[in-house]
Amino acid sequence: LTLENVAAATGTSRSAVERLELGQLRNVSFARLALVADAVGLEPNLKLYPTGAPLRDMPQLKLLGRFRPRLHTSLGWRTEVGLPADGDLRAWDGVITLGRDWVPVEAETRLSDLQALERRLNLKMRDGGASRVILLVAESRTNRAALGGAPEAWRAGFPIGTRAALAALGRGKLPATSALVVL
């Protein structure tokens, strides 16, 4: 699209669209960004990250609380384990340990964008030095529908399912590869 097309579609001037594109506009509202994004075929997505103390929501804590008792007593359990890079505010929701071996746990209460979730998990695994992850998903109609519609390639990233993962963890064994646990 030309700058003129975007300007006409958003009810703004060509120069304002150009300054926005170049990152030269100050105090741009999210509503204005959403309008321009829509005009060029993009969906805006806003993410906020807490500073200071970690922010935990109650549904996620409840999900982790349902998961924790399923671990054998020989397995260690820590929550909100930060990634090792200085200044990186990301953290694993949980980490299960067995001696020097460990596997992170990422808890999701509501699935919405599986591609973004996969990208986020892969980046955290890379930056956190994890070879595998347990994706813990809350049991709900919405989440079942999202998982049911997941592409086969996405599902292949989690070769171990709920029953096998919980059985291994209940026996004091860490899963050998990434696992998807719906609980």
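The preceding data block contains the structure.
Just so we're clear, the structure is a prediction, and the values are computed from it rather than from any experiment. (Residues numbered from 1 in each chain as written. Predicted model: local features only at pLDDT ≥ 70, side-chain atom pairs only at ≥ 80, totals over all residues. Heavy atoms only, no water.)

J.: Is there a simple way to explain the side chain of glutamate 106 in this structure?
T.: One can find glutamate 106 in strand S3 (residues 101–108). Non-local contacts of glutamate 106, meaning those with residues more than four positions away in its chain, are made with Ala91, Trp92, Asp93, Arg120, Leu121, Lys124, Val133, Ile134, Leu135 and Leu136. (Helix = DSSP H or I, 4+ residues; strand = E, 2+ residues; numbered from the N terminus. Contact = heavy atoms within 4.5 Å.)

J.: Teacher, can you tell me more about the layout of surface pockets here?
T.: To find the voids left in a structure, one rolls a probe of water-molecule size over its atoms. One number sums up the size of the second largest pocket: a volume of about 240 Å³. Looking at the second largest pocket, it is lined by 14 residues, and the ones nearest its centre are Leu20, Glu21, Val36, Ala37 and Val40. Those elements that provide at least two residues to the lining of the second largest pocket are helix H1 (3–10), helix H2 (14–21) and helix H3 (30–39). Of all the elements, H3 adds the most residues to the lining of the second largest pocket, at 4 residues. (1 Å grid on protein atoms, 1.4 Å probe; cavity = no way out; pocket = protein on both sides within 12 Å on 5 of 7 lines; lining within 4 Å. Points joined across faces, edges and corners; volume = space filled by probe spheres on them.)

J.: Could you clarify how one ought to interpret helix H5 (residues 114–128) in this entry?
T.: Helical geometry: 3.6 residues make up each α-helical turn, so side chains three or four residues apart lie on a common side. Compared with an ideal rise of 1.5 Å per residue, which puts 15 residues at 21 Å, H5 spans 20 Å between its outermost C-alpha atoms and is within 8% of the ideal. Of the residues making up H5, those classed as buried are Leu114, Ala116, Leu117, Leu121, Lys124, Met125 and Gly128. Down the axis of H5, the buried side of the element spans an arc of 165°, and every buried residue falls inside it. Projecting away from the buried face of H5 at angles above 90 degrees are the exposed residues Gln115 and Arg126. Here H5 starts with a cap whose side-chain oxygen sits 3.2 Å from the backbone nitrogen of glutamine 115, and that cap is aspartate 113. Of the residues trailing H5, glycine 129 is marked for its positive phi of about 70°. (Expected span 1.5 Å × (residues − 1). Buried < 20%, exposed > 50% of the residue type's maximum accessible area, 1.4 Å probe, protein only. Arc of directions from axis to C-beta. Polar contact = N/O pair within 3.5 Å; in protein donor to acceptor, adjacent residues only side chain to side chain.)

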